[in-house]
Amino acid sequence: MIAFFLLFIANSFVEIGTTIGKDQTEKRQQSIYTMGFLNLLWSTVFFLFFAFFVRQGFLFSLASLPTFIPRVILEIVQAHFTVLAIKHASRSTFSFIRVLTIPLLLIVDLILGYRLNPHQILGIVIIAVALILLLVRRSLKTKGIFFVLFTAVNAVITLSLYKYDITHFNSVEAEQSLALSVVTAYFMIMALLVAKENPLRFLAKPIFLTQSLLNGAGDVIISFSYLFAPASVITTIKRSISVLFSVMSGHFYFGEKYLMLKILAFILVAGGLLLLVF
């Protein structure tokens with residue numbers, strides 16, 4: 001119950017922050033690079049602070065570089081495509097398609113020799129049926145869907161590399177703080193050089209400070225929620241709540257249609273995700 005409450009609050013923060021970011025980017029009040037910087041800033045600060053001053057668990061092995069460097073490069077690409085997806089795709093399309101990461105991870109496990117239970121296979125089928133239903137009825141806009149699909153597939157690689165690194169080499173704090181610092185620096189540099197914006201100046205404006213703080217607070221709360229339930233359960237609940245909030249914000253703020261069909265699809269997706277982890 002504590003985990004569910006934390007994730008409900010965290011996802012509401014992230015959805016509001018993302019909605020602000022999407023809205024301000026569409027209005028050309030900020031570039032995608034500034035949006036990426038603002039969204040990641042406080043998460044990066046938190047992990048650095050946590051690593052050096054709270055747990056003092058900054059353990060990084062040079063032996064991890066063959067996997068850490070490719071992961072960081074792919075994380076930069078992932079973050080870049082994510083902000084493109086936020087800008088161009090509808091909120092419903094973004095949240096529903098991103099769910100594909102979880103069944104894709106299970107399929108990779110199957111290829112690597114792990115066995116899937118019958119209910120896990122059923123869960124994958126149900127999620128696929130829900131997405132096909134939305135696409136066939138054309139209730140999901142296809143604009144920006146390539147960016148979302150890329151992030152869903154690429155996340156399988158980045159998550160696998162992350163899991164490998166923290167299992168065999170590095171502490172979570174070291175792995176995440178370094179990776180996030182590089183990605184945040186990428187957005188900072190691109191904002192300065194390409195968009196000719198100083199992202200730090202945006203923090204002086206209430207709307208952008210709110211966007212940044214909400215995204216950061218949401219990410220931090222999600223990190224703590226993993227203390228109260230298994231990672232698979234947390235991921236499932238997080239993705240399910242994220243879909244629900246995205247459908248709501250898409251309908252009530254951005255004027256997306258087919259609300260009842262999307263709610264039905266949400267129920268199917270949530271049920272499919274539950275079958276994957278139980």
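- Taking an unreviewed UniProt entry as the reference, the protein is identified by name as EamA domain-containing protein.

Let's talk about the packing of helix α2 (residues 32-54) against helix α10 (residues 206-225)
- Remark: α2 packs on α10, axes separated minimally by 8 Å, with the N-to-C direction vectors making an angle of 45°. As far as their axial angle goes, α10 and α2 are oblique. For the pair α2 and α10, the crossing hand works out as right-handed. Residues Met35, Leu38, Asn39, Leu41, Trp42, Ser43, Phe46 and Phe47 of α2 form the contact with α10, whose own contacting residues are Phe208, Gln211, Ser212, Leu213, Asn215, Gly216, Asp219, Val220, Ser223 and Phe224.
- Residues that form the contact of α2 with α10 fall into these classes: ten nonpolar, seven polar and one charged.

Comments concerning a nonpolar patch on the surface
- A surface patch of nonpolar side chains, amounting to about 520 Å² of accessible area, comprises Phe49, Phe52, Phe53, Val54 and Phe58.
- Mapped onto the elements, phenylalanine 58 comes out in the loop between α2 and α3 (65-88).
- In this structure phenylalanine 58 comes out as partly exposed when scored by relative accessible area, which is 33%.

Notes on the packing of helix α6 (residues 118-136) against helix α12 (residues 259-277)
- Contact geometry for α6 and α12: axes closest at 7 Å, N-to-C directions at 160°. Considering the angle they form, α6 stands roughly antiparallel to α12. Considering how the two elements wind past one another, α6 and α12 form a crossing that is left-handed. Every residue of α12 that contacts α6 at His119, Gln120, Leu122, Gly123, Ile124, Ile126, Ile127, Ala130, Leu133 and Leu134 is listed here: Leu261, Lys262, Leu264, Ala265, Leu268, Val269, Gly272, Leu273, Leu275 and Leu276.
- Among the residues making up the contact of α6 with α12, the classes are represented as 15 nonpolar, four polar and one charged.

So, helix α8 (residues 172-193)
- The terminal C-alpha atoms of α8, which comprises 22 residues, lie 31 Å apart, in line with the 32 Å expected from a rise of 1.5 Å per residue.
- Considered for burial, the residues of α8 that qualify are Glu173, Ala174, Glu175, Gln176, Ser177, Ala179, Leu180, Val183, Thr184, Phe187, Met188 and Ala191.
- For α8, the elements touching its buried residues are α2, α3, α7 (145-168) and α9 (199-202).

Some points on the nonpolar core
- Counting 54 residues, the largest nonpolar core has Phe96, Phe187, Leu273 and Leu276 as its most contacted members.
- No other element matches α2, which puts ten residues into this core.
- Contact partners of leucine 276, with chain neighbours within four places excluded, come to Ile102, Pro103, Leu106, Gln120, Gly123, Ile124 and Ile127.

Things to note about the UniProt feature "transmembrane region" (unreviewed entry) in the protein
- Here, UniProt's "transmembrane region" (unreviewed entry) annotation points to residues 31-54, 96-114, 120-137, 144-164, 176-195, 207-229 and 258-277.
- Structurally, residues 144-164 comprises 95% helix and 0% strand, and the distance from its first C-alpha atom to its last is 31 Å.
- For residues 176-195, the helix share is 90%, the strand share is 0%, and the end-to-end C-alpha distance is 27 Å.

As for the pattern of salt bridges
- Throughout the structure, instances matching the rule amount to six salt bridges.
- Glutamate 26 is the partner of lysine 22 in a salt bridge, and the nearest nitrogen-oxygen pair spans 3.0 Å. Note that lysine 22 and glutamate 26 are positioned in helix α1 (residues 2-26) at a spacing of four residues, about one turn of the helix.
- Lysine 22 sits in the buried class, given a relative accessible area of 3%.

Calculation rules
Numbers given to residues run from 1 along each chain, matching the order in which its sequence is written. Two thresholds apply to this predicted model, a pLDDT of at least 70 for residue-level local features and 80 or more for giving and counting side-chain atom pairs, whereas whole-chain, interface and lining totals are computed over all residues. Each side-chain value is worked out from all heavy atoms of the structure, with water and hydrogens disregarded. Helix axes use the C-alpha atoms of the stretch in contact, all axes being lines fitted to C-alpha atoms, and the angles between their N-to-C directions lie in the range 0 to 180 degrees. Only DSSP runs of H or I covering at least 4 residues are called helices, and only runs of E covering at least 2 are called strands; the numbering of each starts at the N terminus. For classification purposes, angles smaller than 35 degrees are called roughly parallel, those larger than 145 roughly antiparallel, those between 65 and 115 roughly perpendicular, and all remaining angles oblique. Should the near helix be turned counterclockwise from the far one by less than a right angle, the crossing is left-handed, whereas a clockwise turn marks it as right-handed. Any two residues whose heavy atoms approach within 4.5 Å are treated as being in contact. Polar here means any residue outside two lists: the nonpolar Ala, Val, Leu, Ile, Met, Phe, Trp, Tyr, Cys and Pro, and the charged Asp, Glu, Lys and Arg; Gly therefore counts as polar. Here a patch means residues that are over 30% exposed by relative accessible area and free of salt bridges, tied together within 9 Å if like-charged and within 5 Å if nonpolar (Val, Leu, Ile, Met, Phe, Trp, Tyr). Using a 1.4 Å probe, the Shrake-Rupley method yields the accessible areas, and only the shown protein chains count as cover for residues. What counts as a salt bridge is simple: a side-chain nitrogen of Lys or Arg found within 4 Å of a carboxyl oxygen of Asp or Glu. Whether a residue is buried, partly exposed or exposed follows from its accessible area with a 1.4 Å probe, protein chains only, as a fraction of its type maximum: under 20%, in between, or over 50%, in that order. Expected span, for any helix, means 1.5 Å times one less than how many residues it has. Definition of nonpolar core: a set of buried residues of the types Ala, Val, Leu, Ile, Met, Phe, Trp, Tyr and Cys, connected through side-chain atoms within 4.5 Å. UniProt positions are given in the numbering used here, feature names are shortened, and annotations may be inferred rather than shown by experiment.

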